[in-house]
Amino acid sequence: MRPDYMGVMFLTSAVVSFNAAVWQVVRRQKKKEQLENQKNLQKEPVTALPEEPCPVSSYEFLPVKLEGTMDNEGAVLVGPRPIPSYKGAIDAEESKGGFTVMTPFEIAGTKEFVMVNRGWVPIDAAKHRIMLVQYIGEGFKPMTLKGVLRKEEHMSNYFGGECSDNTGPVAQDLSWMAIRPWNMMMDYYRQRWGSAKLEENKQTHKLHHYFVEMVEDFSGDDQKMVRGKAWPRRRDMDELTYVHLTPLVHSMYVFFWSAVSIGSLYGMRKCFLRQKDLFAQRRIMTAQSEALERKRQMEAKAFYDAQQEILKGKPHKSENLLLLLRPVVSSVAKKHIFATVPCASKCEGSKGRVDNDTNGTEVGAAILA
């Protein structure tokens, strides 16, 4: 393969592997942060929501226990998504996928709202609002909320910027693509009290960039039995804290992709040096070819000019031109002599004929003299 083509291949490999290494560095940092935040599970449950200026990551996985009312009529769906468990689906109903149920919860005595991840429901629950009621219930339900605080999800576009799916559902009465409690609460206030009082409700009922996820080990009194199973399905503590790849594994991936990137850059450098040598050789050959071509054109022009002057009867006086024409005319004269002399020896008494045949030879001899 040509070195320039191989250089492009090595360059592409270096760019892709470098981006993969950077991505693994980011993933490693997130896993370390997640494992560090899981230490909050050992703390006692709090009975009030933390203030928003505090970094969300500092109280992620913090247990909470809140008294209030669940508004099932304001529930929204997020998805479609696979079942949230590393164990996978156990039957055909779960293998079809489903949705995460997000419900507004009003904390008693504070008028403050927080979005709650109730769990996962199968895809049949999203076919109609009546079907969803069978899985989550209806109306307002006073209850004791037990769960853990989680950070909101973020969807980005191809360039890492903000995605439009973060600000609302795909279409009216359809599901959201990410768990965005801040935007979900704004949409809930707008639908319940109208857009005119949106700013007032934001100050009264508050907005948060975190939500409460209900865990199977903590609560389950709000679940409904459908076809012998409790819905919404919630993760237990083992599924909540499961980490598929540890930070050590991500460090190994960083080393691997970095080595691939460095090797690709080395291969690209070798191809560049090889291509550079080829370009140098090509320039030398091009210069030699141009010099030979100029010499050939000069000889051809000199021969043509000398022939034209001889035919006009004007002897050419340029010694340099005779030197250029000597090899060419000499070879032509020799060929002509060898062709005419045998004819003269065989044909006696044909001197005039031989003289006529040797006119070309005499012209050559005159030039060579």
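Parameters at a glance
- Residues numbered from 1 in each chain as written.
- Predicted model: local features only at pLDDT ≥ 70, side-chain atom pairs only at ≥ 80, totals over all residues.
- Heavy atoms only, no water.
- Helix = DSSP H or I, 4+ residues; strand = E, 2+ residues; numbered from the N terminus.
- Buried < 20%, exposed > 50% of the residue type's maximum accessible area, 1.4 Å probe, protein only.
- Contact = heavy atoms within 4.5 Å.
- Areas by Shrake-Rupley, 256 points an atom, 1.4 Å probe, with all protein chains shown as cover.
- Core = buried A, V, L, I, M, F, W, Y, C linked by side-chain atoms within 4.5 Å.
- Pairing = 2+ DSSP bridges.
- 1 Å grid on protein atoms, 1.4 Å probe; cavity = no way out; pocket = protein on both sides within 12 Å on 5 of 7 lines; lining within 4 Å.
- Points joined across faces, edges and corners; volume = space filled by probe spheres on them.
- Nonpolar A, V, L, I, M, F, W, Y, C, P; charged D, E, K, R; others polar.
- Arc of directions from axis to C-beta.
- Salt bridge = Lys/Arg side-chain N within 4 Å of Asp/Glu carboxyl O.
- Axes fitted to C-alpha atoms, helices over the stretch in contact; angles between N-to-C directions.
- Parallel < 35°, antiparallel > 145°, perpendicular 65-115°, else oblique.
- Left-handed = near helix turned anticlockwise from the far one by under 90°.
- Expected span 1.5 Å × (residues − 1).

Student: Explain the overall build of the chain to me, using residue names and the numbers behind them.
Tutor: When you go through the chain residue by residue, the secondary structure sums to 10 helices and eight strands. Burial status across the chain gives 35% buried among its 369 residues. Restricting the contact set of the chain to residue pairs at least 6 apart, pairs at least 24 apart contribute 68%. Taken as a whole, the chain presents about 22,800 Å² of accessible surface, with 59% of it coming from carbon and sulfur.

Student: Summarise the nonpolar core; cite the residues concerned and give the values.
Tutor: Membership of the largest hydrophobic core comes to 16 residues, with the highest contact counts inside it found for L49, F105, V116, L145, L149 and V212. Every residue in contact with V212, bar those within four places of it in the chain, is listed here: V64, V114, M115, V116, N117, L145, G147, V148 and L149. One finds M115, M185, Y188 and F211 within the second-largest nonpolar core, a separate group that totals 14 residues.

Student: Provide a residue-level description of unusual backbone geometry, including the pertinent values.
Tutor: P80 follows G79 through a cis peptide bond whose omega is 5°. In this fold, P80 is placed in strand β2 (residues 76-81). The amide bond that connects W231 to the next residue, P232, takes the cis arrangement and shows omega of -5°. Here P232 lies in the loop between β8 (229-231) and α6 (237-240). Despite not being glycine, F61 has its phi angle at roughly 70°, a positive value. Tracing the chain through its elements places F61 in the loop between α1 (3-37) and β1 (63-71).

Student: Any chance you could break down the pairing of β1 for me, citing the residues and the numbers?
Tutor: As judged from the nine bridges shared by β1 and strand β5 (residues 140-151), these two strands associate in the antiparallel manner. Residue pairing for β5: P63 is matched across the bridge by V148. In this structure, β1 lies alongside strand β3 (residues 98-107), joined through three bridges in antiparallel fashion. Each residue of the ladder has a partner; that of M70, found in β3, is F105.

Student: Account for the layout of surface pockets, with residues named and values stated.
Tutor: Computed from the structure, the largest pocket encloses a volume of approximately 1,200 Å³. Along the wall of the largest pocket there are 35 residues; nearest its centre are Q34, E60, R150, E153 and R235. For the lining of the largest pocket, the secondary-structure elements that each account for two or more residues are α1, β4 (113-122), β5, β6 (210-214) and α6. It is α1 that contributes the most residues to the lining of the largest pocket, six residues altogether. Looking at the lining of the largest pocket, its residues break down into 12 nonpolar, eight polar and 15 charged.

Student: Outline the environment of D124, listing residues and values.
Tutor: Among the structural elements, D124 can be located in the loop between β4 and α3 (129-136). For the pair formed by D124 and G98, sequence separation is 26 residues and the distance between their alpha carbons is 7.7 Å. The contact partners of D124, leaving out residues within four places of it in the chain, are E93, M131 and R227.

Student: How would you sum up α3? Please name residues and give values.
Tutor: Residues L132, Y135 and I136 constitute the buried set of α3. The buried residues of α3 occupy one face: seen down the axis, they fall within an arc of 80°. Buried-residue contacts for α3 involve β2, α2 (92-95), β3, β4, β7 (224-226) and β8. Backbone geometry just downstream of α3 places G137 in the positive-phi region, at approximately 90°.

Student: Let's hear about the pattern of salt bridges: which residues, and what values?
Tutor: Enumeration over the complete set of coordinates arrives at 16 salt bridges. As a salt-bridge pair, K39 and E36 come within 3.2 Å of each other at their nearest N and O atoms. Its relative accessible area of 44% is what places E36 among the partly exposed residues. Residues R81 and E153 are paired through a salt bridge, measuring 2.5 Å at the closest nitrogen-oxygen approach. Here R81 is found in strand β2, whereas its partner E153 is found in the loop between β5 and α4 (181-193), with 72 residues between them in sequence. Overlapping salt bridges bring together E60, R150, E213 and R235 as one network.

Student: Describe the environment of V22, and please don't skip the residues or the numbers.
Tutor: Assignment of secondary structure puts V22 in helix α1. Note: C-alpha distance between V22 and W257 (235 residues apart in sequence) is 8.9 Å.

Student: Residue-level account of the packing of α4 against helix α5 (residues 198-205), with values.
Tutor: To describe two helices that pack against each other, one gives the angle between their axes and the distance between the axes. In contact at an axis separation of 10 Å, α4 and α5 are set at 120° when each is read in the N-to-C sense. In terms of axis orientation, α4 runs oblique to α5. The two elements α4 and α5 cross, and the hand of that crossing is right-handed. Together, M186, Y189, R190 and W193 of α4 and L198, N201, K202 and H205 of α5 make up the contact between the two elements.

Student: Let's hear about α1: which residues, and what values?
Tutor: Here α1 contains 35 residues, and its C-alpha end-to-end distance of 51 Å stays within 8% of the 51 Å for a straight helix at 1.5 Å per residue. Among the residues of α1, those classed as buried are P3, G7, A14, S17, A20, A21, Q24, K31 and N37. Contacts from the buried residues of α1 go to α7 (247-311).

Student: Can you lay out the packing of α1 against α7 for me, pointing to particular residues and giving the numbers?
Tutor: Running from amino to carboxyl end, α1 crosses α7 at an angle of 165°, the nearest separation of the two axes being 7 Å. The angle between the axes of α1 and α7 places the two elements in the roughly antiparallel class. Remark: the crossing between α1 and α7 carries left-handed chirality.

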